[in-house]
Amino acid sequence: MSASPLPVDVPSPAERKRALEDLLRARRLQAEAPPLRGEDPRRRPLATGIGEVDALVGGGFPRGALSEVHGPASSGRTGVLLGLLAHATRRGALAALVDPLDRLDPASAAAAGVDLARLLWLRGPRVASEEPSPRTLADATAAVATLASSGIFDVVALDLTGAGRERRRLPGATWLRLARLVEDTATAVVLVAEEHVACGPGGATLALEPAAPRWSGPPGPARLLGALAARARAGRDGLRGADFALAAL
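To keep things clear, this report deals only with the structure shown in the data block. (Residues numbered from 1 in each chain as written. Predicted model: local features only at pLDDT ≥ 70, side-chain atom pairs only at ≥ 80, totals over all residues. Heavy atoms only, no water.)

A ring pair, where both rings are aromatic, is described by two values, the distance of the centres and the angle of the planes. For the coordinates displayed, the defined rule picks out 0 aromatic pairs. Geometry around Trp121 places Arg123 over its ring, the cationic atom sitting 4.5 Å from the centre. (Phe/Tyr/Trp six-rings, centres within 6.5 Å; stacked < 30°, edge-to-face > 60°. Lys NZ or Arg CZ within 6 Å of the ring centre and 35° of its normal.)

If you want it as C-alpha cells, here you go:
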C-alpha cells in the first residue's frame, strides 16, 4: 500500500511576482550584498557611505555614466566627494581626483577614510587668482577623459569648484563627448561644482543646499562645530529630497 504525497501549496504567478519584487527591493537597499549569480559586480553603483544620499541616487553613482554633485559653499559637496572616494578606496578599488585649483586637503581626506595610497590626485598649478587659466581647465577635462577610458579606476572625479567663469567658456560638446566616452566602461565620472554643469544619460544629478550647523555645546565661544547639516535633492527636477549631516573633521 503506497502513501499518497501530501498536498503542496504552489504559489500563484502573482505571488511569485510579488516575492521577486520584494527580493529585488531588499537587494537595492543592501549595497554590500554578495552579487547574484551572473551579476557583474563592476556594474554596481558606487556608494558614498552616506545612507540618505545613496538612497536618493539608487544606491550610489552609476558606473559608465557622467554624474554631478553641485551646491554652494557649506552645502556638503566636499563631504559627499570624500565619502565617494573613501568608500571606493576602502574596498580596494582605485580612484582618481582631477583638481585644477589644488583644493584637496589630504589630511581631511585621510580623516574621512580615503586610502590615499589608492587615490591618484592630479593637481593644477597654484595661481594668485581664484580662477584657473583656460589651458588649465582644458588640460583637466582631457585628463579626466584619459583616466576614465583607461578602465582601471572605479571613479574619476573632477572638482570644478571655483572655476565657474572658465568652465562656462568650455564648449558644451566637452561634456557630451565625456559622457559618450565613459558609456562602455565600469567607471563613474563625477563632476563637483557650485552649480549645475552636465549629467549624461543614466547619470545622477545631486543638488545640495546648506542647512543649520550643529554645535557640540550651548551658545558661547567655547562651543565646537559638531556637524554640518544639509539637504540633498536628486534628479533633474529635484523632486526627491532628503536631509543629512556630515560630522566635522
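Having seen the structure, we can now continue with the description.
As a further point, take the environment of Arg118. For Arg118, the position within the fold is in the loop between α4 (106–111) and β3 (119–123). Residue classification places Arg118 among the partly exposed positions, given a relative accessible area of 30%. With 28 residues separating them along the chain, Arg118 and Arg90 place their C-alpha atoms 8.7 Å apart. Only 3.1 Å separates the side chain of Arg118 from the backbone oxygen of Ala93, close enough to count as a polar contact. (Helix = DSSP H or I, 4+ residues; strand = E, 2+ residues; numbered from the N terminus. Buried < 20%, exposed > 50% of the residue type's maximum accessible area, 1.4 Å probe, protein only. Polar contact = N/O pair within 3.5 Å; in protein donor to acceptor, adjacent residues only side chain to side chain.)

Once that is clear, we can look at helix α5 (residues 134–150). Relative to the 24 Å expected for 17 residues at 1.5 Å per residue, α5 spans 25 Å between its end C-alpha atoms, a close match to the ideal helical length. All of the buried residues in α5 are Thr136, Leu137, Ala140, Thr141, Ala143, Val144, Leu147 and Ala148. Buried residues of α5, viewed axially, fall in a sector of 155°; they line one side. In α5, the exposed residues that point more than 90 degrees away from the buried face are Arg135 and Thr146. Tucked inside the fold, the buried residues of α5 contact β2 (95–99), β3, β4 (155–159), α6 (164–168), α7 (173–182) and β5 (188–193). (Expected span 1.5 Å × (residues − 1). Arc of directions from axis to C-beta. Contact = heavy atoms within 4.5 Å.)

Let's shift gears to α7. Residues Thr174, Trp175, Leu178, Ala179 and Val182 constitute the buried set of α7. Within α7, the buried residues cover an arc of 130° as seen down the axis, which keeps them to one side. Facing away from the buried side of α7 by over 90 degrees, the exposed positions are Arg177 and Arg180. Buried residues along α7 sit against β1 (65–70), α5, β4, α6 and β5.

What follows covers the pattern of salt bridges. All told, the structure shown has 8 salt bridges when counted by the stated rule. Of the charged contacts in the structure, one is a salt bridge between Asp102 and Arg123, with a shortest N-O distance of 2.9 Å. A residue pair is termed long-range when its members are at least 10 positions apart, and Asp102 in the loop between β2 and α4 and Arg123 in strand β3 qualify at 21 residues. Overall, the relative accessible area of 49% leaves Arg123 in the partly exposed class. Across the pair Glu195 and Arg168 runs a salt bridge whose closest N-O atoms are separated by 2.4 Å. Of the two residues, Glu195 sits in the loop between β5 and β6 (205–215) while Arg168 sits in helix α6, which places them 27 residues apart along the sequence. Among the residues examined, Glu195 registers a relative accessible area of 34% and is labelled partly exposed. Accessibility expressed as a relative area gives 53% for Arg168, which makes it exposed. (Salt bridge = Lys/Arg side-chain N within 4 Å of Asp/Glu carboxyl O.)

Let us now look at unusual backbone geometry. Although it is not a glycine, Ser74 adopts a positive phi angle of roughly 65°. Among the residues examined, Ser74 registers a relative accessible area of 48% and is labelled partly exposed. Within the chain, Asp102 stands out as a residue other than glycine whose phi angle is a positive 55°. Asp102 gets classed as buried once you look at its relative accessible area, which sits at 5%.

Moving on to the pairing of β5. The two faces of the sheet receive side chains in turn, since in a regular strand these alternate between them. Burial of β5 is extensive: 6 of the 6 residues sit out of reach of the surface. Where β4 lies against β5, 5 bridges are found, and the strand directions are parallel. Across the sheet, the residue bridging to Leu158 is Leu191, located in β5. (Pairing = 2+ DSSP bridges.)

This next bit is on the packing of α5 against α7. Viewed as axis vectors pointing N to C, α5 and α7 meet at an angle of 10°, and their least axial separation amounts to 9 Å. Here α7 runs roughly parallel to α5, going by the angle between their axes. Contacts between α5 and α7 pair Thr141, Val144, Ala145, Ala148 and Ser149 from the former with Thr174, Trp175, Leu178, Leu181 and Val182 from the latter. Tallied by class, the residues present in the contact of α5 with α7 amount to 7 nonpolar, 3 polar and no charged. (Axes fitted to C-alpha atoms, helices over the stretch in contact; angles between N-to-C directions. Parallel < 35°, antiparallel > 145°, perpendicular 65-115°, else oblique. Nonpolar A, V, L, I, M, F, W, Y, C, P; charged D, E, K, R; others polar.)

The next subject is the nonpolar core. Phe61, Val80, Val155, Leu206 and Phe244 are the most contacted members of the largest nonpolar core, which totals 33 residues. Ranked by residue count, the leading element in this core is helix α3 (residues 77–90), at 7 residues. In terms of nonpolar packing, the next biggest core, distinct from the first, is built from 24 residues, Val98, Ala140, Leu147 and Ala148 among them. (Core = buried A, V, L, I, M, F, W, Y, C linked by side-chain atoms within 4.5 Å.)

Distances and angles like these do not, on their own, reveal function.
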